[in-house]
Amino acid sequence: MLTIALPKGRIAEETLDIFSKIFNTNFAFDNRKLILEAHGFRFLNVRNQDVPTYVAHGAADLGVVGLDVITEQELDIIDLLDMQLGRCKVAIGIKNEDALDWNKPDIKIATKMVNITKNYFAQKAVGVQVIKLYGSIELAPLVGLADAIVDIVDTGATMRENGLKVAEEIMSSSAHLIANNNSFYAKKNEILSIYDKIKKVVDGNLS
Ligand code: PRP
């Protein structure tokens, strides 16, 4: 049996839709249940940021999670497949009337994504002071907590409605299928079998 960690919300629903297509039966979590067992699979309903943890520790063999989260956490997992779901960008956001001043010593950036932010500024050899927040990131520049933010942009509505604009895009993201290193060897046939089926649906959705 394969255990698959899914992030609560739309990505979990869209992944279960793919399984529904593959096995021609309905896959869905019951109200408030955190485990779903069906067709020889066990699905775990976890927080987005916790998916790589379940997979890296082997509590799940597979997981589905955004490339932004994978990149941020730098955990030891195998990245198997871009599932082309939940496309978004990681971007620097700033107040509409401001511009990023790369010459300012220690630009203050508020973000959930501390590692992505530090690496991006390090690449440009620019000093940065990172302020870690857990949500409502767009608020930080409005009240002077930070000069700018690094955050996820999907539709762009949150930035727009808070008087912010994208100053620079850092990376594109979408949901990826990931695997635990040991599982990938111990359960290779099972994993490759479901990988092939998922890939067919993903490729079919694209064409
Ligand atoms: C993300 C992100 C932005 C928003 C962007 O938060 O932090 O606030 O979505 O989406 P938009 O461009 O379509 O407005 P999310 O709702 O995922 O909640 P989180 O802060 O709990 O991660």
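Since this is a predicted model, take the numbers as computed values, not measurements.

Asker: Just checking my understanding: could you explain a nonpolar patch on the surface for this structure?
Answerer: A contiguous nonpolar patch, built from L139, L142, V143 and L145 and spanning about 340 Å² of accessible area, is present on the exposed surface. Mapped onto the fold, L139 is located in the loop between β7 (128-132) and β8 (148-153).

Asker: Could you clarify how one ought to interpret the domain arrangement of the chain in this entry?
Answerer: Note: interface size is frequently given as the accessible area lost on complex formation between the parts. Domain assignment breaks the chain into domain 1 (2-86 + 174-202) and domain 2 (88-173). The C-alpha centroid of domain 2 is placed 29 Å from the C-alpha centroid of domain 1. Each side of the interface is counted separately: domain 1 has 10 residues, and domain 2 has 13 residues. Of all residues in domain 1, D68, E72 and E74 give up the largest surface area on contact with domain 2, accounting jointly for 59% of the area buried on that side.

Asker: How should the side chain of S173 be read in this particular structure?
Answerer: Turning to its location among the elements, S173 is positioned in strand β9 (residues 164-179). For S173, a relative accessible area of 3% puts it in the buried group. In terms of polar contacts, S173 uses its side chain to reach the backbone amide nitrogen of L67, at 3.2 Å. Those residues within four positions of S173 in sequence are excluded, and the remaining contacts are G66, L67, D68, G86, R87 and C88.

Asker: Quick question: what am I supposed to make of the site of the ligand here?
Answerer: Every residue lining the ligand is accounted for by K112, E138, D151, I152, V153, D154, T155, G156, A157 and T158. Within the side chain of K112, an N or O atom sits 2.5 Å from an oxygen atom of the ligand. At 2.9 Å from an oxygen atom of the ligand is found a side-chain nitrogen or oxygen belonging to D151. Protein chains bury 61% of the 500 Å² of accessible surface belonging to the ligand in isolation. Listing elements by their share of the shell around the ligand, those giving two or more residues are β8 and α5 (157-161). Here the element with the most residues in the shell around the ligand is β8; it accounts for 3 residues. Here the residues of the shell around the ligand sort into 3 nonpolar, 3 polar and 4 charged.

Asker: Teacher, can you tell me more about the sheet that holds β9 here?
Answerer: What links the strands of a sheet is backbone hydrogen bonding, and the strands pair in either a parallel or an antiparallel sense. Reading across the sheet, the 9 strands line up as β2-β3-β1-β4-β9-β5-β8-β6-β7 and stay open at both edges, with mixed pairing between neighbours. Each edge of the open sheet is held by one strand with a lone partner, namely β2 (35-38) and β7. The average angle at which neighbouring strand axes cross in this sheet is 25 degrees, direction not considered. With 3 bridges connecting them, strand β6 (residues 107-111) and β8 associate as parallel partners. Paired with I109 across the bridge in β8 is A148. With respect to the sheet, helix α7 (residues 188-206) is in contact with β1 (2-7), β3 (41-46), β4 (62-66), β5 (78-95) and β9, its orientation differing from that of β5 by roughly 55 degrees.

Asker: Can you walk me through the packing of aromatic side chains in this structure?
Answerer: The description of two aromatic rings rests on the distance between their centres and on the angle between their planes. Taken as a whole, this structure holds 11 aromatic pairs when the rule is applied. Taking the centre distance of 5.5 Å and the plane angle of 55 degrees together, the rings of F23 and F41 count as tilted. Residue F23 is located in helix α1 (residues 10-23), and its partner F41 is located in strand β3; the two are separated by 18 residues in the primary sequence. By relative accessible area, which is 8% here, F41 ends up buried. Members of the aromatic cluster, connected to one another through ring pairs, are F19, F23, F27, F41 and F43. The positively charged end of K124 is found above the aromatic ring belonging to W102, 5.2 Å away from the centroid.

Asker: Can you help me understand the side chain of N180 in this one?
Answerer: Relative to the helices and strands, N180 is located in the loop between β9 and α6 (181-186). Here A56 takes part through its backbone oxygen, which lies 3.4 Å from a polar atom of the side chain of N180. If we skip the residues at most four places from it in the chain, N180 touches V55, A56, H57, G58, A60, D61 and I78.

Criteria and thresholds
- Residues numbered from 1 in each chain as written.
- Predicted model: local features only at pLDDT ≥ 70, side-chain atom pairs only at ≥ 80, totals over all residues.
- Heavy atoms only, no water.
- Patch = residues over 30% accessible without salt bridge, like charges linked within 9 Å, V, L, I, M, F, W, Y side chains within 5 Å.
- Areas by Shrake-Rupley, 256 points an atom, 1.4 Å probe, with all protein chains shown as cover.
- Salt bridge = Lys/Arg side-chain N within 4 Å of Asp/Glu carboxyl O.
- Helix = DSSP H or I, 4+ residues; strand = E, 2+ residues; numbered from the N terminus.
- Domains from an automatic or database assignment.
- Contact = heavy atoms within 4.5 Å.
- Buried area = accessible area lost by both parts, 1.4 Å probe.
- Buried < 20%, exposed > 50% of the residue type's maximum accessible area, 1.4 Å probe, protein only.
- Polar contact = N/O pair within 3.5 Å; in protein donor to acceptor, adjacent residues only side chain to side chain.
- Near = heavy atom within 4 Å.
- Nonpolar A, V, L, I, M, F, W, Y, C, P; charged D, E, K, R; others polar.
- Pairing = 2+ DSSP bridges.
- Axes fitted to C-alpha atoms, helices over the stretch in contact; angles between N-to-C directions.
- Phe/Tyr/Trp six-rings, centres within 6.5 Å; stacked < 30°, edge-to-face > 60°.
- Lys NZ or Arg CZ within 6 Å of the ring centre and 35° of its normal.

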